[in-house]
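Examination of the molecular architecture
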Amino acid sequence: MSISLYPLASLAQIEQTPSRQDGIPPNLEEDLRAYGCKLIHQAGILLKQCVPLPPLIRFVVYRAMYRKQVAVATAQILFQRFWFVTSMKQFGIGDVGMGALYLASKLEECPIRMRDLINVYDLLLQRAAYTTSPKTLKSIEFKYTPMTYFGSSFYDMKDALVVAEMQILKRLGFHVNVVLPYGTLVNYLRVLGLTSKENVCTRAWGYLNDALQTPVYALYAVPTIVCAAILLATRHLRVPLPSQPPNCWWELFDADWEDVWSVCGYIMRLYRDRDPDEQKRLFTMVSKKGVRKWLEDNGPQLVES
Amino acid sequence: MSASASETGTSTPSRKRSRWDTHEDIQDEVIEIPRPKRRSKSRRSQSVSRSHNPTPEPRPQSRVQVQRKRPLHSIYVPPRTYHPPFAPSRSVYCYERLNSIEEGSYGVVFRARDKETGDIVALKKLKLDEEKHGFPITALREINALMVCQHENVVGIREVVVGETLTQVFIVMDFIEHDLKMLLTVMPAPFLQSEIKTLLRQLLSAVAFCHERWILHRDLKTSNLLMNNRGTIKVADFGLARRYGDPVGVGGLTQLVVTLWYRAPEILLGETIYSTAVDMWSVGCIFAELLLKEPLFQAKGEIEMLSMIFKLLGPPTSSTWPDYDKLPLAKTINLPAPHPSQLRQKFPHITNAGVDLLSHMLTYDPEERISAVEALQHPYFKESPFPKHPDLFGSFPSVAAGEKRRKAFDSPTAPVRAVDYKLLTDFDAP
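Residues numbered from 1 in each chain as written. Chains lettered and ligands numbered in written order. Predicted model: local features only at pLDDT ≥ 70, side-chain atom pairs only at ≥ 80, totals over all residues. Heavy atoms only, no water.

Chain B carries the name Protein kinase domain-containing protein in an unreviewed UniProt entry, which gives Somion occarium as its organism. Here chain B is described in UniProt, under the heading Sequence similarities (unreviewed entry), as follows: "Belongs to the protein kinase superfamily. CMGC Ser/Thr protein kinase family. CDC2/CDKX subfamily." (UniProt positions renumbered as here; feature names shortened; annotations may be inferred.)

In the nomenclature of an unreviewed UniProt entry, chain A corresponds to Cyclin N-terminal domain-containing protein from the organism Somion occarium.

Here it is as structure tokens:
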């Protein structure tokens, strides 16, 4: 039984992630995780693997598109899991993101071509590099220069991709089964009688998608995360639900208030404002080289946990 | 949901408000929840303040109420602690290699001993050399299917271990002594009816379990059914398995699946959208093989295979298979003259219920073919002779473990079996 349950981080893994052990401060790790997931998401859109925010009510119509979105969601969850067993000093978020998306596309039975994926990531990384370069200040427009067909950069990226895919499998012990939250969300909304409120459905769905950029899918069971998305959506839209003990709606779904609240916290933290420097430094840390350079420049920040 | 916003007097007054519940209206009785409330508990809400948001204070009324123990979780939501942590693959050197069992097109299987526990296991080495597309999707499907389908009658996966280089990956499975194909060729007399029922029921429950988890096996055959010395069979080799669902992946499913003798007619006729029914056809072929002690359709090619099927079951008609004409290859096949099914004549010694079950498994129309769950309820399993208890099966020397067949094995065993049989017929009713 236990083997067919999806894995979640243990307490020890949560308390001290490998990146933190290497002196990467928690805030930075969180931002790098989120940025890595954004890259996966953007790559998914460019590869037409993903349709953002399919309206829930027209769920059936959108099932064919949804099929592709699952690969992106799965990749993001695998990506988040990976950083509980590996330090960002050892592998870059760009390479691992690529590996995760490639692996997830196979797991979800919609394989993508390696060359397409590499091209897309090359574009995304060039664009990120452009925003930090002095060209931006001189307002020179971004122009993508494709890789040369027989140049070594393609083969370097290909090797990195294959290694990243294998490392994800190996370091997660081949436990790559992922349970996505969308079906559960539909069921819970039905139970709560909320399916007629399209804005609640869409918004909750959106929170679930945004939560993919946080580690919560590697920390909490799906019902808890779904409850958090519904909680955020209903509170923002001022939809009342029974929330006083002993009648708390989330208890129907076996979720604990503390956990639901904590997931809400993770999601809301995504939306906080970062100063421009904080954002820019992320672009330079997509590869492990960038992370190592940052650690050299700033010195490892060891935080007592 | 016609919550009138004016009734907000009931909202929690003493709760500190967080940023997003400034305007919330909490009402208790407004929403009819169509499920009984399974628990009401009082619990102090210790806020985990990982967020920058203000967290709510403990619920005001909670401490007054009687502390009630929280009921068990729903079976669909196991406690958090049941989820395994992330753990890397162990090294293959945790196992001591004993002997190789077989070499297939797909990889080599070794018998090995766990150095820590002493358990005997089977190690399947995946062929990963010269992969152009990273880790092969077929191996991923196999590992995933095995992990999802943990069942008494499915061979258990223990872990996946790795060697020194990235190309060495081994699936560690429970070691099972025999495969059914080998047994059928070696054993002097066919299985008894009671034994066949037990085996078939085990096979069906495994298949039902896989189908329930959206896994198609796609290569069910006697050589992929392993059997231990305690009368239990285990479905093995998920090398062709994959998840199915709606919609299926790009371009439908491949027709290059299932060993020819066990391949369902819709695959033979080029269908690209098939489902659980293909496994049930294979189960039917296995059932017949257990009865006959040799494979039912031993064809050399696909055309011969189809004509053997048509010969035994009669060619399909518009009533037995309404969609036949829509199949891609239907037009290229010349149907023989119509004649009724020959199943009864082919299997003269089994009961009517047995023939009925077999004919429902070997039904042309995939829509009409019996499902694994339905088959388990079939009267065949409820009539005498009843299924034999697995513990009372005979044991055999294991070829896979390198054991030699003893000479005595060839001597008549019928009397022993007859005694078994009488003892067993009545206390194993399902």
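Some remarks on the overall build of chain B
Counting its regular elements, chain B contains 10 helices and 10 strands. The buried share of chain B, reckoned over its 430 residues, is 48%. Across chain B, the fraction of contacts at a sequence separation of at least 24, relative to all contacts at a separation of at least 6, is 66%. As displayed, chain B offers around 21,800 Å² of accessible surface, 55% of which is attributable to carbon and sulfur atoms. (Helix = DSSP H or I, 4+ residues; strand = E, 2+ residues; numbered from the N terminus. Buried < 20%, exposed > 50% of the residue type's maximum accessible area, 1.4 Å probe, protein only. Contact = heavy atoms within 4.5 Å. Areas by Shrake-Rupley, 256 points an atom, 1.4 Å probe, with all protein chains shown as cover.)

A closer look at the pairing of strand 4 (residues 157-162) of chain B
Residue and element names in this part refer to chain B. Burial runs high along strand 4: five of the six residues are buried. Of the pairings in the sheet, the one linking strand 4 to strand 5 (residues 169-174) comprises five bridges and is antiparallel in character. Bridge pairing in strand 5 links valine 162 to valine 169. Between the end of strand 4 and the start of strand 5, which pair antiparallel, lie six residues. (Pairing = 2+ DSSP bridges.)

Comments concerning the packing of helix 3 (residues 26-46) of chain A against helix 13 (residues 276-283) of chain A
Two numbers describe a pair of packed helices, the interaxial angle and the distance between the axes. All names here are of chain A. Where helix 3 meets helix 13, the closest approach of the two axes is 10 Å, and the angle between their N-to-C directions is 60°. Overall, the two elements helix 3 and helix 13 adopt an arrangement that is oblique. In this structure, helix 3 meets helix 13 at a crossing whose hand is right-handed. Residues Leu28, Asp31, Leu32 and Tyr35 of helix 3 form the contact with helix 13, whose own contacting residues are Glu278, Arg281, Leu282 and Phe283. Tallied by class, the residues present in the contact of helix 3 with helix 13 amount to five nonpolar, no polar and three charged. (Axes fitted to C-alpha atoms, helices over the stretch in contact; angles between N-to-C directions. Parallel < 35°, antiparallel > 145°, perpendicular 65-115°, else oblique. Left-handed = near helix turned anticlockwise from the far one by under 90°. Nonpolar A, V, L, I, M, F, W, Y, C, P; charged D, E, K, R; others polar.)

As for helix 8 (residues 152-171) of chain A
Residues and elements named next belong to chain A. When the terminal C-alpha atoms of helix 8 are compared, their 28 Å separation across 20 residues agrees well with the 28 Å that a helix rising 1.5 Å per residue should span. Taken as a whole, helix 8 has its buried residues at Phe154, Met157, Leu161, Ala164, Glu165, Met166, Gln167, Ile168, Leu169, Lys170 and Arg171. Directly beyond the C-terminal end of helix 8, a positive phi value near 60° is found at glycine 173. (Expected span 1.5 Å × (residues − 1).)

Describing the pairing of strand 5 of chain B
Residue and element names in this part refer to chain B. Judged by how many residues are buried, strand 5 sits mostly within the fold: five of six residues are covered. Two elements, strand 3 (residues 120-126) and strand 5, share five bridges in a ladder whose sense is antiparallel. By the bridge assignment for strand 5, lysine 125 is matched with phenylalanine 170.

A closer look at the sheet that holds strand 8 (residues 225-227) of chain B
Residues and elements named next belong to chain B. Ordered by their spatial adjacency, three strands build an open sheet running 6-8-9, and the pairing between neighbours is antiparallel. The open sheet has two edge strands with one neighbour each: strand 6 (178-179) and strand 9 (233-235). Relative to strand 8, strand 6 is paired through two bridges, and the arrangement is antiparallel. By the bridge assignment for strand 8, histidine 178 is matched with methionine 227. Across the sheet, helix 3 (residues 193-212) touches strand 8 and strand 9, and the angle it forms with strand 9 is around 30°.

Digging into the nonpolar core
Across soluble globular proteins, nonpolar side chains show a tendency to be buried alongside one another. With 204 residues, the main nonpolar core has A:Phe174, A:Ile230, B:Phe135, B:Phe191, B:Leu200 and B:Met361 as its most contacted residues. Excluding residues that lie within four positions of it along the chain, B:Leu200 makes contacts with B:Val283, B:Phe287, B:Leu357, B:Met361, B:Tyr380 and B:Phe381. With 10 residues, the next largest nonpolar core counts B:Val92, B:Ala112, B:Phe170 and B:Val172 among its residues. (Core = buried A, V, L, I, M, F, W, Y, C linked by side-chain atoms within 4.5 Å.)

So, the packing of helix 5 (residues 93-107) of chain A against helix 1 (residues 137-148) of chain B
Relative to each other, helix 5 of chain A and helix 1 of chain B sit at 70°, their axes nearing to 9 Å. Judged on the interaxial angle alone, helix 1 of chain B and helix 5 of chain A are roughly perpendicular. The two elements helix 5 of chain A and helix 1 of chain B cross, and the hand of that crossing is right-handed. Across the interface between the two elements, A:Leu103, A:Lys106 and A:Leu107 of helix 5 of chain A pack against B:Ile137, B:Leu140 and B:Asn144 of helix 1 of chain B. In terms of residue class, the contact of helix 5 of chain A with helix 1 of chain B is made up of four nonpolar, one polar and one charged.

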